[in-house]
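# Observations on the model geometry
Residue strings, one per chain:
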Amino acid sequence: MRPVERGTAPRTYSEYKYAIGDLEERLGTYCSYCERRLPASLAVEHVVPKDLHPELKTEWTNFLLGCANCNSVKGDQSVEVDNFLWSDRDNTFLAFAYSKGGFVQLADNLNEVQKNKAQALLDLVGLQRHKASGGNRPAPRDKRWQDRELAWASAESCRNNFEILEQTNEVRELVLEVAKYCGFFSVWMNVFKDYPDVKRELIKIFTGTATSCFDADGKPINRPNSII
């Protein structure tokens, strides 16, 4: 899951819906949970549900961007912030392992506290729902796993062409352009894990990626002042 940097509030809001443009400018048009690019259908997502905590309804630090599926699954579940990992507070890229077929799992090297908080986030938004998962199947219109699967195939195709065409600057620019419009930052970072130059550029072109979560070669590192 892409770690993001929301930044300080650009202004105050009389209604939370007015924050959507500022959020998309800061974070790009990507769901903060599933990473799909949805330039016309994202919504302001309240980390702590607004119906349970109306005092946070227009609070910038309580905003992320959510797609219809992630928002629907999350709903008004009670959220104790400290019991979860969050893309705006932690390096969530270190917490999850993405693989071919559209699967998302916990990373292998997490400690027990990290595991519990990471799994809590996956469960909160149903990110592991997959047609191949026993007992954890998605709703008919929940295509997040399928979109991840397609993104992985696109990324692999781009990587193969990148290698065949001798990794020229021109081909790299085309790869980055496809990635930017495809979405699924974590998929592209995994497929291109052996190419630091591509990873550095992916971090730059995905608006709002928390640069403090990666070293100079695009390798993920612990986020400052976070448990991961």
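Up top you'll find the structure we're talking about.
What comes next concerns the included structure. Worth saying up front: this structure is predicted, and the values here are computed from it rather than measured.

## Thoughts on the pairing of strand S2 (residues 63-66)
Across the two faces of S2 the burial is the same, with Phe63 and Leu65 and Leu64 and Gly66 all buried. By the bridge criterion, 4 bridges tie strand S1 (residues 43-46) to S2 in an arrangement that is antiparallel. Its bridge partner being in S2, alanine 43 is matched across the sheet by glycine 66.

## What about the environment of asparagine 222?
Tracing the chain through its elements places asparagine 222 in the segment after helix H7 (196-205). A residue is classified by how much of its surface remains accessible, and asparagine 222, at 48% relative accessible area, is partly exposed. As for asparagine 222 and serine 212, which are separated by 10 residues in sequence, their C-alpha atoms are 8.4 Å apart. When near neighbours in sequence (up to four residues on either side) are disregarded, asparagine 222 contacts Leu94, Ser212, Ile227 and Ile228.

## As for the packing of aromatic side chains
The final tally for this structure, using the stated rule, is 13 aromatic pairs. Ring plane angle 75 degrees and centroid distance 5.4 Å describe the contact between phenylalanine 185 and phenylalanine 206, whose orientation is recorded as edge-to-face. You can see phenylalanine 185 sitting in helix H6 (residues 185-191) and its partner phenylalanine 206 sitting in the segment after H7, a full 21 residues away along the chain. With relative accessibility at 1%, the residue phenylalanine 185 sits in the buried group. Using a relative accessible area of 0% as the deciding quantity, one classes phenylalanine 206 as buried. An aromatic cluster is present here, built from Tyr30, Phe93, Phe185, Phe206 and Phe214 joined pairwise through their rings.

## A short note on the state of the cysteines
Scanning all chains against the criterion turns up 0 disulfides. The thiol of cysteine 70 is not disulfide-bonded; the next cysteine sulfur, from cysteine 67, is found 3.6 Å away. On the basis of relative accessibility, which here comes to 1%, the residue cysteine 70 falls in the buried class.

## Brief notes about the pairing of strand S3 (residues 96-99)
A one-sided burial pattern is seen for S3, the buried positions being Phe96 and Tyr98 and the unburied ones Ala97 and Ser99. Here 4 bridges tie S3 to strand S4 (residues 103-106), and the two strands are oriented antiparallel to one another. By the bridge assignment, serine 99 is partnered in S4 with phenylalanine 103. Between S3 and S4, which pair antiparallel in sequence order, lie 3 residues; one of them, glycine 101, sits at a positive phi of approximately 100 degrees.

## Some remarks on the packing of helix H4 (residues 144-164) against helix H5 (residues 169-182)
It is the contact of H4 with H5, at a shortest axis distance of 10 Å, that shows an interaxial angle of 175 degrees. Judged by the inter-axis angle, H4 sits roughly antiparallel to H5. On the side of H4, the interface is formed by Ala151, Cys158, Asn161 and Phe162, while H5 contributes Val171, Arg172, Val175, Val178 and Cys182.

## Quick notes on the side chain of lysine 74
Tracing the backbone through its elements, the reader meets lysine 74 in helix H2 (residues 68-74). Residue lysine 74 is classed as buried on the basis of its relative accessible area of 1%. A polar atom in the side chain of lysine 74 sits 2.7 Å from the backbone oxygen of histidine 46. Residues in contact with lysine 74, not counting those within four places in the same chain, are Tyr33, Glu45, His46, Val47, Val79, Leu124 and Val125.

## Section: the packing of H5 against H7
Direction vectors running N to C along H5 and H7 enclose 40 degrees, while the axes themselves pass 10 Å from each other. Relative to H7, H5 is oriented oblique. Seen along the crossing, H5 lies across H7 with a hand that is right-handed. Seen from H5, the contacting residues are Arg172, Leu176, Ala179 and Lys180; seen from H7, they are Asp197, Val198, Glu201, Leu202 and Ile205.

## Section: the side chain of aspartate 90
Looking at the secondary structure, you find aspartate 90 in the loop between H2 and S3. Of the buried charged residues, aspartate 90 lacks a salt bridge, with arginine 89 as the closest side chain of opposite charge at 6.7 Å. A polar side-chain atom of aspartate 90 sits 2.6 Å from a polar atom in the side chain of serine 226. In contact with aspartate 90, not counting residues within four places along its chain, are Pro3, Phe84, Leu85, Cys213, Arg223, Ser226, Ile227 and Ile228.

## Things to note about unusual backbone geometry
Unlike most non-glycine residues, glutamate 166 shows phi in positive territory, near 65 degrees. For glutamate 166, the position within the fold is in the loop between H4 and H5. The exposed category is assigned to glutamate 166, whose relative accessible area is 68%. Despite not being glycine, phenylalanine 184 shows a phi value in the positive range, around 65 degrees. Mapping phenylalanine 184 onto the fold places it in the loop between H5 and H6.

The rules we used
- Residues numbered from 1 in each chain as written.
- Predicted model: local features only at pLDDT ≥ 70, side-chain atom pairs only at ≥ 80, totals over all residues.
- Heavy atoms only, no water.
- Buried < 20%, exposed > 50% of the residue type's maximum accessible area, 1.4 Å probe, protein only.
- Helix = DSSP H or I, 4+ residues; strand = E, 2+ residues; numbered from the N terminus.
- Pairing = 2+ DSSP bridges.
- Contact = heavy atoms within 4.5 Å.
- Phe/Tyr/Trp six-rings, centres within 6.5 Å; stacked < 30°, edge-to-face > 60°.
- Disulfide = S-S within 2.5 Å.
- Axes fitted to C-alpha atoms, helices over the stretch in contact; angles between N-to-C directions.
- Parallel < 35°, antiparallel > 145°, perpendicular 65-115°, else oblique.
- Polar contact = N/O pair within 3.5 Å; in protein donor to acceptor, adjacent residues only side chain to side chain.
- Left-handed = near helix turned anticlockwise from the far one by under 90°.
- Lys, Arg positive; Asp, Glu negative; His and termini not counted.
- Salt bridge = Lys/Arg side-chain N within 4 Å of Asp/Glu carboxyl O.

Function cannot be inferred from these measures alone, as they are strictly geometric.
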